[in-house]
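# Analysis of the macromolecular model
Spelled out, the chains give:
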Amino acid sequence: MTQVYLADLIAGARAGLLVSFPTDTVPALAAIPEKAGLIFTAKQRSQDKPLILMAASAEDLWLYVKGSENEYKIWQELAEKYWPGGLTLVLPASDVYDGLRLRLPKVMNPIDPTTIGIRVPNSAIAQSILAQTGPLATTSANFSGQPPLQTMAEIEVQFPKVLTLEYQGEILGVGIPSTVAKWTGTNWQILRQGAIKLDISSDNQI
């Protein structure tokens, strides 16, 4: 039995264990960034499929990316429009650790650690967890290449060693993964159409 109460799930995540909890899109499989390798192993996931850094607020995420003043303005305007919500932004990852910027472990994106996907979920449960754990490495809870699992019960069966949230009632997510948009240096490239229809206007380009 791996279903636990909220406080125990948060403590487990902080201790470096794999956890799963509902989000606004599909349930997440998550770990602290330093333990992101556990996610790849559990999901049997290819190293060329990077993880998403999820946090309770945008302020928790900007520390992990780098760009020009103009780029930050464009990124933040898009984030303010769609966050919290089902949009993942793939941005240049910070490569320094100096207090102003934070560097993520390479295992978050083993093949191309120069970029990182970031997202703030529109889910009170997820935000409550993330506010207490700090940003987590996340992805959908399923074996790689299979459809995302939709309930905590399904996740408990497929991942019996993962701490899942003791959760009563329906999962409130839309059941569709997030839309993924990558910053190319001049504009946005849609890598995956997902939970939201992204409006990319000329205002969001250099």
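Attention in this report is confined to the structure presented alongside it. (Residues numbered from 1 in each chain as written. Predicted model: local features only at pLDDT ≥ 70, side-chain atom pairs only at ≥ 80, totals over all residues. Heavy atoms only, no water.)

## Concerning the overall build of the protein chain
Looking only at helices and strands, the protein chain features five helices and 10 strands. Its C-alpha atoms give the protein chain a radius of gyration of 16 Å, within 12% of the compact-globule value 17 Å for 206 residues. A total of about 9,800 Å² of accessible surface is found on the protein chain, and carbon and sulfur atoms cover 53% of it. A gap of 7 Å separates the mean positions of the 16 positive and 19 negative side-chain charges of the protein chain. (Helix = DSSP H or I, 4+ residues; strand = E, 2+ residues; numbered from the N terminus. Rg over C-alpha atoms; globule rule 2.2 N^0.38 Å. Areas by Shrake-Rupley, 256 points an atom, 1.4 Å probe, with all protein chains shown as cover. Lys, Arg positive; Asp, Glu negative; His and termini not counted. Charge placed at Lys NZ, Arg CZ, Asp CG, Glu CD.)

## Details of the pairing of strand β6 (residues 115-119)
Burial of β6 is extensive: five of the five residues sit out of reach of the surface. Residues T115, G117 and R119 of β6 are buried on one face, and the alternating residues I116 and I118, pointing to the opposite face, are buried as well. Two strands pair when backbone bridges link them, and strand β4 (residues 52-54) and β6 are joined in this way by three bridges, in the parallel orientation. When the sheet's bridge partners are listed, L53 is paired in β6 with I118. Pairing analysis gives four bridges linking strand β5 (residues 87-92) to β6, with the strands arranged antiparallel. Paired with P92 across the bridge in β6 is T115. (Buried < 20%, exposed > 50% of the residue type's maximum accessible area, 1.4 Å probe, protein only. Pairing = 2+ DSSP bridges.)

## Examining the environment of S68
Along the chain, S68 falls in the loop between β4 and α3 (69-82). Considering only alpha carbons, one finds S68 and G185, 117 residues apart in sequence, at a separation of 9.9 Å.

## As for helix α4 (residues 124-133)
For α4, the complete set of buried residues consists of A126, I129, L130 and T133. Along α4, the residues classed as buried sweep out an arc of 95 degrees about the axis, all on the same side. Residues A124 and A131 are exposed on α4 and point more than 90 degrees away from its buried face. Taken together, the buried residues of α4 touch α1 (6-14), β2 (19-21), β4 and β7 (136-140). (Arc of directions from axis to C-beta. Contact = heavy atoms within 4.5 Å.)

## Here's the deal with the environment of A153
With respect to the helices and strands, the residue A153 is situated in helix α5 (residues 152-158). A153 gets classed as partly exposed once you look at its relative accessible area, which sits at 47%. Separated by 131 residues in the primary sequence, A153 and P22 place their C-alpha atoms 12 Å from one another.

## Concerning the pattern of salt bridges
Here the structure, examined in full by the defined rule, presents three salt bridges. With a closest N to O distance of 3.0 Å, D24 and R119 form a salt bridge. Highlighted residues: D24 in the loop between β2 and β3 (28-31) and R119 in strand β6, separated in sequence by 95 residues. The pair formed by D24 and R119 is uniform in burial state, with each residue classed as buried. Taking the shortest distance from any N to any O, the salt bridge between K73 and E77 comes out at 2.9 Å. (Salt bridge = Lys/Arg side-chain N within 4 Å of Asp/Glu carboxyl O.)

## Examining unusual backbone geometry
A negative phi angle is the norm for most residues apart from glycine, just as the trans form is the norm for most peptide bonds. Between W83 and the following residue, P84, the backbone shows a cis peptide bond with an omega angle of -10 degrees. Here P84 lies in the loop between α3 and β5.

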